[in-house]
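Single-letter residue listing:
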Amino acid sequence: MANGNHHIERKAIGQNIRKIRQSAGLSLRRLAAMCRVDHASISKIERADIDPQLSTLLELAEALRVHPHSFFSVVPAESNHSPHINGNSYPS
């Protein structure tokens, strides 16, 4: 994977996490408390400043009650739309 593509993918993951968190009405601090991940780390993930670890993505997905693949769903860049969030719920 090329470096440029890696940053775009990291940015899309962060944007998806932020949109899902905001749709759930959660602050960074509240989400952090729910999933035992530091709020500063979540903020860095949402801003694409760091690569999230798999364990962190799984913790976030469980707290947000979404399937982890929701963080990776994107609309192709040429469509000029924001990343698409797949509405699949985590299985109960």
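Think of each chain on its own: its residues are numbered from 1, step by step along the sequence as written. Restriction of local features to residues with pLDDT of at least 70 applies here, the model being predicted, together with a cutoff of 80 or more for giving and counting side-chain atom pairs; totals for whole chains, interfaces and linings are based on all residues. Side-chain metrics in this entry use all non-hydrogen atoms of the structure; hydrogen atoms and water are not considered.

Peer 1: I keep staring at the overall build of the protein chain and nothing clicks. Help me out?
Peer 2: Strands are runs of DSSP state E lasting at least 2 residues, helices are runs of H or I lasting at least 4, and numbering of each runs from the N terminus. Helix and strand content of the protein chain: 4 helices and 0 strands. The secondary structure elements of the protein chain, listed N-terminal to C-terminal, are α-α-α-α. With 92 residues in all, the protein chain has 34% of them scored as buried. Note on contacts: a residue pair qualifies if any of its non-hydrogen atoms lie within 4.5 Å across the two residues. Sequence-distant contacts, at least 24 apart, represent 52% of the contacts inside the protein chain between residues at least 6 apart. Relative accessible area decides the class of each residue, using a 1.4 Å probe on protein chains only: under 20% of the type maximum gives buried, over 50% gives exposed, and in between gives partly exposed.

Peer 1: Looking at this structure, I do not really get the nonpolar core. What am I missing?
Peer 2: One recurring pattern in soluble globular proteins: nonpolar side chains tend to sit buried together. As used in this record, nonpolar core signifies buried Ala, Val, Leu, Ile, Met, Phe, Trp, Tyr and Cys residues forming a set joined through side-chain atoms within 4.5 Å. I17, L31, C35, I42, L60, L64 and F71 are the most contacted members of the largest nonpolar core, which has 17 residues in total. Sort the elements by how many residues they give to this core and helix 4 (residues 54-64) lands first, with 5 residues. Once you skip the residues sitting within four places of it in the chain, L64 turns out to touch I20, R21, L26, L31 and F71.

Peer 1: Help me understand the packing of helix 2 (residues 28-35) against helix 4 in this model?
Peer 2: For any two helices packed against each other, the geometry comes down to the angle between their axes and how far apart the axes lie. Here the axes come from fitting lines to C-alpha atoms, over the contacting stretch only for helices, and the angles between their N-to-C directions go from 0 to 180 degrees. Across the interface, helix 2 lies against helix 4 with an axial gap of 9 Å and an inter-helix angle of 105 degrees. Classified by the angle their axes make, helix 2 and helix 4 are roughly perpendicular. Seen from helix 2, the contacting residues are L31, M34 and C35; seen from helix 4, they are E59, L60, A63 and L64. When its residues are assigned to classes, the contact of helix 2 with helix 4 shows 6 nonpolar, no polar and 1 charged. For this classification, under 35 degrees means roughly parallel, over 145 means roughly antiparallel, 65 to 115 means roughly perpendicular, and everything else is oblique. Note on residue classes: Ala, Val, Leu, Ile, Met, Phe, Trp, Tyr, Cys and Pro are nonpolar, Asp, Glu, Lys and Arg are charged, and everything else, Gly too, is polar.

Peer 1: Which parts of the structure should I look at to understand the pattern of salt bridges?
Peer 2: Note that side chains of opposite charge can pair when their charged atoms are close. For salt bridges, the criterion is a side-chain nitrogen of Lys or Arg within 4 Å of an Asp or Glu carboxyl oxygen. Taken as a whole and judged by the stated rule, the model has 5 salt bridges. The partner of R10 in a salt bridge is D51, and the shortest N-O contact between them spans 3.3 Å. Of this pair, R10 sits in helix 1 (residues 3-23) while D51 is found in the loop between helix 3 (39-46) and helix 4, placing the two residues 41 residues apart along the sequence. Since its relative accessible area comes to 17%, R10 is described here as buried. Residue classification places D51 among the partly exposed positions, given a relative accessible area of 42%. Linking R47 and D49 is a salt bridge whose minimum nitrogen-to-oxygen distance equals 2.7 Å.

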